[in-house]
Amino acid sequence: MTITAYGTGAYRAAQSNSFVSTRAQFDDLQRQLDTQKKATSYGDLGIDRRVSLDLNGKLSTLDSLLSGIQLGDVNLKLQTNAASTFATLASNSRNDMRSNSYVATSTGRSAPQVLAEDRFKQVLDLLNTNVNGRYLFSGTTSDTEPVESFDTIINGDGAGKAGLKQLIDERRRADLGSSGLGRLTTGTAGPTTVTLADGDHDYGFKIGSVTSTGTGIAVAAQAPLPAGSRAAFSVSVTGQPQPGDKVSITLNLPDGTQTQVTLTARAAGSTGSDTDSFEIGADVNATTANLKTSLDAAIGKEAQTTLSAASSQVAAKDFFAGSVNNPPRRVPGPDFENATAPPTKVGAIDTTVIWYKGEDGIPPLDKTDPTLDTRTIAPTSARGTATVQVDQGQSTNVGARANEEAFQVGLAQFGIMLSETFPADDPNSQARYNAMAERVGDKLGFGGTTQKPAEIITEFGSAQTAMANAKQRHQDTQNYLTTALGDVENVSTEEVAAQILALQNQLTASYQVTSMLSKLTLTNYL
């Protein structure tokens, strides 16, 4: 049998537990008011803990996506700025290299050439842009600085690897040949016939066509061809030509362009340049000799000017097409003037500066593989070398390589401009400069199927748009989920304040009653 306490003692025992419970509730309400959170752990949320865990997980995912987008956006802005600056520099150089802009200088370099050197260096710096140690134009090898130094690219490494200037010189020597006639051979076949033949190799001029006007000069293709030739023609003086009669020769150049040599007959005793005319002699034999002299002079000048400019284009293109797994083509030497074997990549990796050191998207190199010159080069997409995940199952390509075609073309033209010299005392300097300017201006227009800087900028812009759209979408979702989570985890300060006030009143009343009862005696009661 249990005896239940009664009287004031029993009341005080019950009130003690009630005070503790109420005080604990009061302290918790004060914590809620300070932190504005319902609970300190998921367990204290009761049935809402699952909702809280789910919402927090979703918000964590969104935070991660937004963080990646933010970093990717910074990188893309820097990449876009680099490509835009490059486009501006290329456009400025193209405007500088207008025709007839040659001015002789003591250094042999014009103002546009000096500017080209500064622009070349600036582009190298842009392509070596890095963010937190990550190089933005190095493909998948973002920890590798993609571009060599200016001096190494232009002059070589000083340890046996050739730079751009040496490759230009080697190619030019191979194209001009030991005679300086662009690997063409001129001669005579009897007293009234001049012969002209090219070589069966990849260097120098290649004859496209030979024509004449008037009745005194006959042109015929030689058949059979002389040994070692791809094309050969005979120009016969069958009778004295009339002043104004012409012999025209179309020559194909190594860079895919053409030039024409035209020799116009001029009257005996008249003055004129041997590079564009020939004097009618006392008889057909003398006229033939004069024609041969003028042909040599005209071809020699064309070799020193347009062929030289075309040769530089080929060498620079080959050099900047080189990468770690695709070395540039080199003219077999050292007898470059008489080279007949085609340019080759075999062994070039050990003897040539590789200006681009980043990932090139090409299968690994076997430097001794004889198929290096014939294998198909199909690099993977530069944009695909880096991605930013913008959503679950959705990513945006943001990669880039410094050796993309537009950059190759621009650097090649800057390199040609800064490498060439045009001495004031060279009578061919102005014509050679104009030939260079024409080609540089054309290449910096990025015409035809050549990749344009604007294409790179547009692709970067598309990626930025995709990320901006995803960012806005995520922020909207984040705001909604944050509000929903607040409804689960957060408290209303007004409600908590009201509850605290009610408890305070309750505690005050309890304390007063307890105090009164503690003083109650039988005497007081009576």
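Presented here is an overview of the structure given in this document. Owing to the predicted nature of the structure, the values given are computational and were not obtained by experimental measurement.

## Concerning the packing of helix α3 (residues 111–127) against helix α8 (residues 405–419)
Stage number 1. Interaxial distance between α3 and α8 falls to 8 Å at its minimum, and their mutual angle equals 145 degrees. For α3 against α8, the interelement crossing comes out left-handed. Between α3 and α8, the residues in contact are P112, Q113, A116, E117, R119, F120, V123, L124 and L127 and F407, L411, F414, G415, M417 and L418, respectively.

## Quick notes on the packing of aromatic side chains
Stage number 1. For the structure shown, the criterion picks out 10 aromatic pairs.
Stage number 2. A ring pair is formed by F120 and F320, whose centres lie 6.3 Å apart and whose planes are at 65 degrees; its orientation type is edge-to-face. Highlighted residues: F120 in helix α3 and F320 in helix α6 (residues 284–320), separated in sequence by 200 residues.
Stage number 3. A relative accessible area of 0% places F120 in the buried class.
Stage number 4. Here a set of aromatic residues connected by ring pairs shows up, and it is made of F120, F150, F319, F320, W355 and Y356.
Stage number 5. Here the guanidinium or amino end of K121 rests over the ring plane of F150, the centre of that ring lying 4.7 Å away.

## Some words on the pattern of salt bridges
Stage number 1. Under the counting rule described, the total for this entry stands at 19 salt bridges.
Stage number 2. The residue E117 makes a salt bridge to K121 at a minimum N-O spacing of 3.4 Å. With a gap of four residues between them, E117 and K121 both fall in helix α3, about one helical turn apart.
Stage number 3. Residue class for E117 comes out buried when judged on its relative accessible area of 18%.
Stage number 4. The partly exposed category is assigned to K121, whose relative accessible area is 32%.
Stage number 5. Residues R173 and E337 are paired through a salt bridge, measuring 2.9 Å at the closest nitrogen-oxygen approach. One end of the pair, R173, is in helix α5 (residues 164–176); the other, E337, is in the loop between α6 and α7 (348–351), with 164 residues separating them in the sequence.
Stage number 6. On the basis of relative accessibility, which here comes to 30%, the residue R173 falls in the partly exposed class.
Stage number 7. Accessibility expressed as a relative area gives 22% for E337, which makes it partly exposed.

## With respect to α5
Since there are 3.6 residues in each turn of an α-helix, residues three or four apart along the chain are aligned in direction.
Stage number 1. In this model, α5 (13 residues) spans 18 Å end to end at C-alpha, consistent with the 18 Å of a helix rising 1.5 Å per residue.
Stage number 2. Among the residues making up α5, those that are buried are L164, L167, I168, E170, R171, R172, A174, D175 and L176.
Stage number 3. Along its buried surface, α5 packs onto α4 (150–155), α6 and α8.
Stage number 4. After α5 finishes, the residue G177 shows a positive phi value of roughly 75 degrees.

## A word on empty space enclosed by the protein
Stage number 1. For the structure shown, the criterion picks out one cavity of 30 Å³ or more.
Stage number 2. Taken as a whole, the largest cavity holds about 60 Å³ of empty space.
Stage number 3. Lining of the largest cavity is provided by L167, E170, R171, A315, D318, R329, R330, V331 and P343.
Stage number 4. For the lining of the largest cavity, the secondary-structure elements that each account for two or more residues are α5 and α6.

Here is what the cut-offs are and how they apply
- Residues numbered from 1 in each chain as written.
- Predicted model: local features only at pLDDT ≥ 70, side-chain atom pairs only at ≥ 80, totals over all residues.
- Heavy atoms only, no water.
- Axes fitted to C-alpha atoms, helices over the stretch in contact; angles between N-to-C directions.
- Helix = DSSP H or I, 4+ residues; strand = E, 2+ residues; numbered from the N terminus.
- Left-handed = near helix turned anticlockwise from the far one by under 90°.
- Contact = heavy atoms within 4.5 Å.
- Phe/Tyr/Trp six-rings, centres within 6.5 Å; stacked < 30°, edge-to-face > 60°.
- Buried < 20%, exposed > 50% of the residue type's maximum accessible area, 1.4 Å probe, protein only.
- Lys NZ or Arg CZ within 6 Å of the ring centre and 35° of its normal.
- Salt bridge = Lys/Arg side-chain N within 4 Å of Asp/Glu carboxyl O.
- Expected span 1.5 Å × (residues − 1).
- 1 Å grid on protein atoms, 1.4 Å probe; cavity = no way out; pocket = protein on both sides within 12 Å on 5 of 7 lines; lining within 4 Å.
- Points joined across faces, edges and corners; volume = space filled by probe spheres on them.

Read these as spatial facts, not as claims about activity.
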